[in-house]
Amino acid sequence: MADPTLLTPPSSASGTAAISQGSLFGEADALGYNLGTVYDEMVTGNGRLRGHWQTFMSTLGPLDPAVMGVKWEEARRLLHQNGVTYNIYGDPQGMERPWPLDMIPLLIPPGEWEALSAGLAQRARLLNAVLNDVYGPQDLVRQGLIPPAALYADPGFRRVIHGIPVPGNIRLHFYAADLARSPDGRWVVLSDRAQAPSGGGYALENRAVITRIHTDALRHCGVEPLPPFFAAFRDMLAGLAPRSSRPRVVLLTPGPYNETYFEHVYLARHLGITLVEGADLTVRDRHVFVKTLSGLEPVDVILRRLDADFADPLAFRADSSLGVAGLVEAVRAGHVVVANALGSGLVESLSFTSLLPSLCPHVLGEELALPQLPSRWLRPGFDRAALAAQLDRLVVAPAFASSPGPHAQGRAVFGGDLGGPERAALLDRIAAQPWGTVVQEKPTLSTAPVWDGGRMQPRPLMLRVFLCATPDGGYITMPGGLTRVSPDTGRPVMSMQHGSGSKDTWVLSRQRPANLGIPGRSHPPEFRPPEARAILGALPSRVADSLFWLGRYAERSEAAVRLLRAAYTRLVDGNQPGAATERGVILWLMAWLGMVPWDLATMGESGSGRALRTALFAAVFDVNHPNSLRGNVQRMHRTAYTVRDRLSLDLWRVLTQTVRESQQPSGNSPRPDAAALLLHLDDVMIGLAAQAGLEQESMTRGPGWRFLDMGRRIERAIHALSLMRAARIADAASMPEPEVTARLEVLLELGESFMTYRARYLAEPFTAPVLDLLLLDESNPRALAFQLSALQDHLSHLPQTPDTGVETAANIVAGARLALANPDLLTAPEALHTTLDTLAESLPEISNLVAHAYFSHAFARTA
């Protein structure tokens, strides 16, 4: 733009944008839909529904608030059951926030979408060509079409990447653009997403939910499906692999604390590729490997979802623990392909955006088809007075995506929101560093209907559209996108971190609804990898580690519930024969396990006052209590969250339900009494039992399940030994008979074997048969012998490793089974005492040996 007085005057609202409230009639009046003075996606300027909305609105019926409320609740429940979340750092309501999805989709007619798709494909080709030039010959810089400052002043330009070739000259494998509709009805590009575009997985999940609640509307409207795009994306990734035989593709995530971690899990599962963190990968001899149970397995393609800054601590940020040391050298050697290519985030900078209209004719030989928000990159000597005069209608933004420039926290600033002193301070900062600033026209966003307050309300929107590269150097567009809507009419900035909502985006098909199964326009260009699609690969060691501890935490939670239920049962039925004595035994066991203070355990039968109830309540709900039920359930949930891609949807739903049931009642609710808490614990136990059942009946018997079940077996064995030793069963001969009976009754209850004992022996508990049932009976899933047998089987089926720790662990288990075969165990107290103490000391070592053999890979190296 030639004139530093800046940008073109704002366009006047025309056509459908110039809306008078007095002109509303027909459909808009019937809907109670309050139009503003901007373009509305659903309703024309005279208040009538747009043609492509007619079919959809007719399927909704009269918009009864009660009916729509039921649909909204169904959508909310589906999102919750599917665990769709968006992480917000430092949120007092919890980091995992439910994904906000509106019931009313955004509809785009086919002709409009075809033009939009073609314009975005051109833009993607242009950006890819610019990236190839700036990281290659830099002809555009030498010709003066790109100012040198656009590269060398931008921290996003990765000098270490310069000169590294990429397969097929494709650096931008997956691209997204944020769009808004101007007052004259044209779509305008606001920004480009080329680093690691997010939102595609959420768009796919939005469609899955909306399909459930608007099934008829989806069918009658004829909506383009999304899966063919993701199939093409998967095939494109596999086709990038340097190896033609069984390429391994992984999705590299920053980890479970990233704000879009749900999407990483969802995409990895949908694409059928392995989800990995930086710690799962290692570089050896300039090759990238994933650490698996069977050793190091080569990786061919990395779909990265972390910024280049963090990808390789040797090449970029030395303090990054999220990436892979040596990754850049592996890319340089051509042994692995990273998508998007490292350094591609450079074109997200607004400095490049301002250059695209002039670059497009030179690079592609054609004008930029899709308009973008008018912008100007400031230079030294800019007209400060002109900028000050127009500041009210401008957005002042950092020129470089990787640098904050002269702006507070690196965020865009709306000039009209600033007071006098703030305006002056901003202008001073810009004058001191003009190269760091781009000014843009303030966008005027169109509105779309959302369901709020029992009726439709217009809200500003932005649309993010996704494209993926094709083998011929072109791009195909996902027929849909992620529509974000503002929480109110006065906020033009869309951010999920600041309360924005989302919509499904429907691209209407030209074909009849009956033919929508395979719509012609949705077919991607033909592409097949040489031999096979991407493979899942062997189980990463980190995943095995997490599954192992998921089993342990689940078992700890179950053990805590059983102890707490036993205690509260004796409080509720305190007058039953033997209840006071058994309560004393239970408190002793809980104190031994660190669940209640020792002074309560020494109170014996008299312990039933306020101090006891307070201690038990803390053992249920206190998250800071190291051995509380709530603490163990939270640890179980956090561990499960890191392996969500390995858990079935049903298992995840049950797990999240258990987490919810374990929460303390809200602060406004009175503290529940013992009877209410007992019912609460029953609900938690039902959830834990359902989780265990799904693990046993729905997981394939691969290494993942074996590590999960090993965690359970080790934890259950250790817990059983702890209970036996704490109950001092070896000293039963020196105790009064009522005391022995109480201890045996409690052990049978906690071991879930009371009914089996009664059915088998038809007698009161005696020491020898109780020990036989809880220690030696391999047919009893709660017996120690059963756990040892299962552990021995698991260890024998694990992948072979040169580490001798597995052999040592197997020897410990074999020795434990041999110790239980001692014929004097049930008749000689000293033999029982020695065996229990020895096993309690040796069995925990199995966990350490397995971890060293399969999880650390400290000395592993390929041949």
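Everything below is about the structure printed above this text.
Thresholds applied
- Residues numbered from 1 in each chain as written.
- Predicted model: local features only at pLDDT ≥ 70, side-chain atom pairs only at ≥ 80, totals over all residues.
- Heavy atoms only, no water.
- Phe/Tyr/Trp six-rings, centres within 6.5 Å; stacked < 30°, edge-to-face > 60°.
- Helix = DSSP H or I, 4+ residues; strand = E, 2+ residues; numbered from the N terminus.
- Buried < 20%, exposed > 50% of the residue type's maximum accessible area, 1.4 Å probe, protein only.
- Lys NZ or Arg CZ within 6 Å of the ring centre and 35° of its normal.
- Pairing = 2+ DSSP bridges.
- Axes fitted to C-alpha atoms, helices over the stretch in contact; angles between N-to-C directions.
- Contact = heavy atoms within 4.5 Å.

1. As for the packing of aromatic side chains
Thought 1: Summed over all chains, the structure comprises 22 aromatic pairs.
Thought 2: Look at Trp549 and Tyr553: their rings are 5.5 Å apart centre to centre, the planes differ by 40°, and that puts the pair in the tilted class. Of this pair, Trp549 and Tyr553 are both found in helix α16 (residues 541-572), four residues apart, which corresponds to roughly one turn of the helix.
Thought 3: Tyr553 gets classed as buried once you look at its relative accessible area, which sits at 15%.
Thought 4: Arranged with centres 6.1 Å apart and planes meeting at 35°, the rings of Tyr641 and Trp652 form a pair that is tilted. Here Trp652 lies in helix α21 (residues 649-661) and Tyr641 lies in helix α20 (residues 629-641), a separation of eleven residues in the sequence. In this pair, the class of Tyr641 matches that of Trp652, namely buried.
Thought 5: When the ring centre of Tyr39 is taken as origin, the NZ or CZ atom of Arg50, which lies over that ring, is 4.2 Å away.
Thought 6: Above the ring of Trp705, the side-chain terminus of Arg701 is found at 4.0 Å from the ring centroid.

2. Digging into the sheet that holds strand β7 (residues 274-276)
Thought 1: Taken together, the four strands give an open sheet; going across it, the order is β7-β6-β11-β12, and neighbouring strands pair in parallel fashion. Each edge of the sheet is formed by a strand with only one pairing partner; in this case those strands are β7 and β12 (337-339). If you compare each strand with its neighbour and ignore which way they point, the axes differ by 30° on average.
Thought 2: The sheet contact formed by strand β11 (residues 301-304) and β12 spans three bridges and is parallel. Bridging across to β12, Leu303 finds its partner in Ala339.
Thought 3: On top of the sheet, helix α10 (residues 261-271) reaches β6 (249-252), β7 and β11; it is set at about 150° to β7, its chief contact.

3. Re the sheet that holds strand β9 (residues 287-292)
Either a parallel or an antiparallel arrangement is found when strands of a sheet pair, and the pairing is made through backbone hydrogen bonds.
Thought 1: Read across the open sheet, the three strands follow the order β8-β9-β10; overall the sheet is antiparallel. Each edge of the open sheet carries a strand with a single partner, namely β8 (281-284) and β10 (295-298). Within the sheet, the average angular offset between the axes of one strand and its neighbour, ignoring direction, is 45°.
Thought 2: Pairing of β9 with β10 involves four bridges; the strand directions are antiparallel. Counted as the bridge partner of Phe289 is Pro298 from β10.

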